Amino acid sequence: MAPRGQGDRLRKQDHRFCISALQIKGRKGPRRMRELDELYHIRALASSDLSDMRELTQAVGWAVVPWRLKLYQNIGHTLGALRGDKLVATIVAFRLGPTDVAVGQLIVHPSVQRQGLGRRLLQTVLDHYPDDNLHLIATQQGFPLYSHMGFISIGEVWRMEQGVDAESGRESTKPFEDAPTTSTCGGMEPALPQPFQVLRQELVPRLSDLDRNYTGFCRTALFECLVERGKAYVISRGKGPNWHSAALAVMERGAIRLGPLFAPAQEDAATLLQDAVECAKREGLPMRLDVYAQHDLLHKTAYQLGFQVKMQSPLMTLRRGSHSSPCNMFFCFDPATT
Ligand SMILES: CC(C)(COP(=O)(O)OP(=O)(O)OC[C@H]1O[C@@H](n2cnc3c(N)ncnc32)[C@H](O)[C@@H]1OP(=O)(O)O)[C@@H](O)C(=O)NCCC(=O)NCCS
């Protein structure tokens, strides 16, 4: 509870805030932007902001994956809008490749939604990457905003799950914790057994080659961050070091999160998926992945392996640069988030 006196002060501030918010809401265009900029301070977020980011993420009912928030800070831009010292909105953007950027974690606190803050943050990102294609996975709530900003839907992503125990509330009971791992990853023995192997620095060039060849993206920085974190795994196919297919896996909220998966064709992606699921089932671990709607062979395989579709979300792109459509990405790595 706020100490005596402080509560009044807060209420007064809230009152002032509501009036300015209402005034802003009725306005459009540059004037609205200017007023928002007077009311909110937009700045890059640092690790000291992580607990505020968690709180905000929770305020919109999203599960919090703390290491992902740190990851975004390391590989891209994490921006926040602050009212005084209170974080009320965030957005994340990071490079997928020379001409492509992923956007995610656009969150506006429910108490200040529909004032233009989401649009303001997105505009800041668009201005920062003026010549790039931007990609994201939209929520139902985000869809109208992105459409207004020129993003078009280029397909659908299906979040599929296998073995997640809905009744035990496995993912929702401990939203602030990293998934428990059964060993000291990055150290002695992997938490995921063969055919998974711990992602080590010397494997990064192989992954980056596959990424470049099959998707046109270059996510070396992301892979290197995952190496540093020490809890990422790779499953691959091919002779010795000559992989023709591979997928990343991380333990997240009690399940294996598989993706991105690099493969020359759906058949190869399906075979790798089968290998991964076999191992997960042996270990009694649930699995999640995001499959593009157009990859019907992969759906079929996933259904046969016991996956169910939990969520269907539009994949949206704002195309400005030359290249690239993420059509050859079999499971994306959570451009929106994650
Ligand atoms: C989606 C979200 C970020 C939008 O933020 P916001 O600050 O409320 O959005 P804005 O006020 O900038 O809206 C800009 C425009 O988008 C459209 N829009 C935004 N929210 C909308 C809604 N719920 N319904 C219909 N249109 C909406 C409107 O056209 C709006 O302009 P207008 O108010 O002048 O009509 C916010 O609702 C949110 O945090 N939701 C929960 C998390 C989430 O789903 N994030 C999106 C991830 S993809």
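Heads up: the structure comes first, above all this text.
Residues numbered from 1 in each chain as written. Predicted model: local features only at pLDDT ≥ 70, side-chain atom pairs only at ≥ 80, totals over all residues. Heavy atoms only, no water.

### So, the nonpolar core
Phe196, Leu258, Leu273, Met287 and Phe307 are the most contacted members of the largest nonpolar core, which has 31 residues in total. Of all the secondary structure elements, the ones that give two or more residues to this core are β6 (152-162), β8 (232-239), β9 (242-252), β10 (255-262), α9 (266-283), β11 (287-292) and α10 (296-304). Element by element, the count of residues in this core is highest for α9, at 8 residues. In this structure, Ala81, Ile91, Ala93 and Val108 belong to the second largest nonpolar core, which totals 29 residues. (Core = buried A, V, L, I, M, F, W, Y, C linked by side-chain atoms within 4.5 Å. Buried < 20%, exposed > 50% of the residue type's maximum accessible area, 1.4 Å probe, protein only. Helix = DSSP H or I, 4+ residues; strand = E, 2+ residues; numbered from the N terminus.)

### Some words on the site of the ligand
In the vicinity of the ligand, 23 residues are found, and the nearest of them are Leu106, Val108, Arg114, Gly116 and Thr139. For the ligand, an oxygen atom lies 3.5 Å from a polar atom in the side chain of Gln113. In the environment of the ligand, an oxygen atom lies 2.8 Å from a nitrogen or oxygen atom belonging to the backbone of Arg119. Of all the secondary-structure elements, those providing two or more residues to the shell around the ligand are β4 (100-108), α5 (117-128) and α6 (143-148). Top contributing element to the shell around the ligand by residue count: α6, with 4 residues. (Near = heavy atom within 4 Å. Polar contact = N/O pair within 3.5 Å; in protein donor to acceptor, adjacent residues only side chain to side chain.)

### A few points about helix α7 (residues 204-215)
Helix length check: α7, at 12 residues, gives a terminal C-alpha distance of 16 Å against a target of 16 Å (1.5 Å per residue), a fit within 8%. Along α7, the residues that are buried comprise Val204, Leu207, Ser208, Leu210, Asp211, Tyr214 and Thr215. One face of α7 carries all of its buried residues, which in axial projection span an arc of 160 degrees. If you follow the buried residues of α7, they end up packed against α8 (220-229), β8, β9 and β10. (Expected span 1.5 Å × (residues − 1). Arc of directions from axis to C-beta. Contact = heavy atoms within 4.5 Å.)

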